[in-house]
Amino acid sequence: MNNINGTNFNLGLNNNFNNSDPFNGGPKPDIIIQELDSEKIKFILTNTELSVANALRRLMIAEVPTIAIDMVEIELNTSVLADEFIAHRLGLIPLDSMEAEKIKYTRECNCSQYCPNCSVELTLHAKCVQDGQSLEVCSRDLQTSDPRVSPVLKDDNDKGILIAKLRKGQELKVKCVAKKGVAKEHAKWSPCAAVAFEYDPHNRLRHTHYWKEEDEKKEWPLGTNAIQEPPMTDDEPFDYNATPNKFYFTVEEIVMSALKRLQEKLGMLQIALADDTTEQLHLRQQQQRQQEQQEAQEQALLRQRYIPQSDDNLSFS
Ligand SMILES: [Zn+2]
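Not measured: the values here are computed from a predicted model.

Procedures and definitions
- Residues numbered from 1 in each chain as written.
- Predicted model: local features only at pLDDT ≥ 70, side-chain atom pairs only at ≥ 80, totals over all residues.
- Helix = DSSP H or I, 4+ residues; strand = E, 2+ residues; numbered from the N terminus.
- Buried ≥ 20, exposed ≤ 12 C-beta atoms within 10 Å, placed from the backbone.
- Contact = placed C-beta atoms within 7 Å.
- Pairing = 2+ DSSP bridges.
- Core = buried A, V, L, I, M, F, W, Y, C linked by C-beta atoms within 7 Å.

Student: I would appreciate a short explanation of the overall build of the protein chain in the present structure.
Tutor: The helix and strand inventory of the protein chain stands at 4 helices and 11 strands. Taken over 317 residues, the protein chain has a buried fraction of 21%. Across the protein chain, the fraction of contacts at a sequence separation of at least 24, relative to all contacts at a separation of at least 6, is 70%.

Student: I would appreciate a short explanation of the pairing of strand 11 (residues 246-251) in the present structure.
Tutor: Regular strands place their side chains on alternate faces of the sheet. Where strand 3 (residues 41-46) meets strand 11, 6 bridges bridge the pair, whose relative direction is antiparallel. The partner of K42 across the bridge, within strand 11, is T250. Pairing geometry for strand 10 (residues 196-199) and strand 11, over 4 bridges, is antiparallel. Looking at the pairing, F197 lines up with F249 of strand 11.

Student: Just checking my understanding: could you explain the nonpolar core for this structure?
Tutor: In summary, soluble globular proteins display a tendency toward joint burial of nonpolar side chains. I67, I69 and A178 are the most contacted members of the largest nonpolar core, which totals 25 residues. Those elements that place two or more of their residues in this core are strand 4 (66-77), helix 2 (83-91), strand 5 (119-127), strand 6 (135-138), strand 8 (162-166) and strand 9 (171-181). The leading source of residues in this core is strand 9, at 4 residues. I31, I41, F43 and L45 belong to the second-largest nonpolar core, a separate cluster that totals 16 residues.

What follows is the structure, encoded as structure tokens:
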């Protein structure tokens, strides 16, 4: 997110749509960033449809690539934990994935299993030698072959996530291969714990039905986003044509990758639609030609059948 200078950021979803929203012909979709730190972003997405906001949410959850441990070779394990248990724990350790875009998916790589272009090797070797004290093996103990991809740690004192505890004489030696993937393949590649968005905080559109004991307003206090929109008055008429177009998002910092993915997907959709439209156009032209021919034939037939007789004009005279 370092390339955002202001609070207002153009979504760039519609480079090919003549500066107007492709969905309703209105102004371009826009993002206003409210809060931004190393772990979280809060922003308002405006001038777009509910479906786009939801697409963005789903892309953030399932389609932003990250790097996670995918293969584990256990060389030595004399701990009390089973190999599979340790392998599963290793898979779920979050790795720094800022460089995920530069690493290839193994399925797109030319290698047979894995190579430096599509994977990063991490090794772990720990042995407890102390008497009466257990050794905690944590994610910080993983040694990476590529400094760009290492376990996520808060600071220098952070030991990371606990993998196993060893007693005296127990040893753990593993080799891990981390690969690029997306969360729709496996949850270990999920880039965020939660993506949430809210719209219409005053429930002006009546999309939510609040269950209540006595008084809805007392029992359901307004959310923090309610200050962004004018409060509802009791005699406010219901607008049947209103649609939501302002969405309040709270996400961990993966928005840029998700927006890129959304752009790619919309691009693909646009190409597919364009192909479809060309096909439809040809089909329609063909149908039109056939119809014209048919009409011409029918008219010719009619002309043959109803050639005015010389007596016709005389019948009512
Ligand atoms: Zn490879």
